[in-house]
Amino acid sequence: MSFLLELFGTEKPIIGLVHIQPLPGDPFYRGEGMDAVIQRAKADLQALQDGGVDGVLFTNEFSMPYEKHVSPVTLAAMGMVIGALKSSIRVPFGAEAIFDGDATISLCAATEAAFTRCLFTGVWAGDFGMVDRDIAVTLRLKNAYRLDDLKLFYFVTSEGDACVGDRKTADIAESLLFNCRPDALVVGGVAAGSGPAGKLLEQVSGVAKETPVVCGTGCKRENIEYVLSRCSGALAGNLYYTRNLWHLWRYKYGWSVDPVDG
């Protein structure tokens, strides 16, 4: 039994992603105002929860291009969104300031998130240049904030980026388990909507052993049985697919009551 059962009520959780719209300071923010951002996030949160997800993760998905060190205004805006919606959250929630592990830890401390996911480790090269993470600083920050119960989901892949040194993903996972003791590992594809390539889920799961492995991108109605048979849950950002994941998951495990159709 892993921490997933205690936190989410199941050993194979479906975690819905609340993708927050562009925020003040983001290049594609057009001055819509924070009320509009909050209302859009609220609608997504409601749809995900009504669809039966086991948890939700708030991310600044549309703060593109992503910052290596997330701006204070972005963190403040994310905190405002989550704070405004907190009374509406009915499932365990997490928060992530994309690409910045230290900012993510600070955001979790301020919002009292139960878990988070981020690219916490490694050196990666891609569209945003060199992304160099310092996990030693990140974990010391977590300890300084006394976030003893905060569960960390570590990416072992980076969307569209290459690991400097050309290390194999399974090797990255193995060294992470020894050096950082992650609560869970996340395996994704080359971009949002694209699933892990080839036998990547099997390879990482084989190395992880008792540590949960979660599929981070590309989980769809067509492949969810494959995904859940090889790892311990999935993160899903598309509302249409999230509903279908739940329907298919219930069908697979023989559950008779559907949260959407009653």
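Residues numbered from 1 in each chain as written. Predicted model: local features only at pLDDT ≥ 70, side-chain atom pairs only at ≥ 80, totals over all residues. Heavy atoms only, no water.

Caption draft 1: Summary view of the packing of aromatic side chains. The tally for this structure, following the rule as stated, stands at eight aromatic pairs. With centroids separated by 5.8 Å and ring planes inclined at 70°, the aromatic side chains of tyrosine 66 and phenylalanine 99 adopt a geometry described as edge-to-face. Of the two residues, tyrosine 66 sits in the loop between strand E2 (55-59) and helix H3 (72-85) while phenylalanine 99 sits in the loop between strand E3 (93-96) and helix H4 (101-111), which places them 33 residues apart along the sequence. Judged by its relative accessible area of 15%, tyrosine 66 is buried. Assessed through its relative accessible area of 9%, phenylalanine 99 is described here as buried. When the ring of phenylalanine 99 is compared with that of phenylalanine 128, the centres are 5.5 Å apart and the planes differ by 80°; the resulting orientation is edge-to-face. One end of the pair, phenylalanine 99, is in the loop between E3 and H4; the other, phenylalanine 128, is in the loop between strand E5 (123-126) and strand E6 (129-132), and 29 residues separate them in sequence. Phenylalanine 128 gets classed as partly exposed once you look at its relative accessible area, which sits at 27%. An aromatic cluster of three or more residues is present, and its members are Phe3, Phe8, Phe115 and Phe153. (Phe/Tyr/Trp six-rings, centres within 6.5 Å; stacked < 30°, edge-to-face > 60°. Helix = DSSP H or I, 4+ residues; strand = E, 2+ residues; numbered from the N terminus. Buried < 20%, exposed > 50% of the residue type's maximum accessible area, 1.4 Å probe, protein only.)

Caption draft 2: Quick peek at the sheet that holds E5. Here three strands make up an open sheet; going across it, the order is E6-E5-E8 and the pairing antiparallel. Two strands bound the open sheet, and with one partner strand each, they are E6 and strand E8 (162-163). Pairing of E5 with E6 involves four bridges; the strand directions are antiparallel. Residue pairing in the sheet places valine 123 in a bridge with aspartate 132 of E6. (Pairing = 2+ DSSP bridges.)

Caption draft 3: Representation of the environment of alanine 236 within the structure. Here alanine 236 lies in strand E11 (residues 234-236). On the accessibility criterion, alanine 236 (3% relative accessible area) is buried. Between the alpha carbons of alanine 236 and leucine 57 there is a distance of 9.6 Å; along the sequence they are 179 residues apart.

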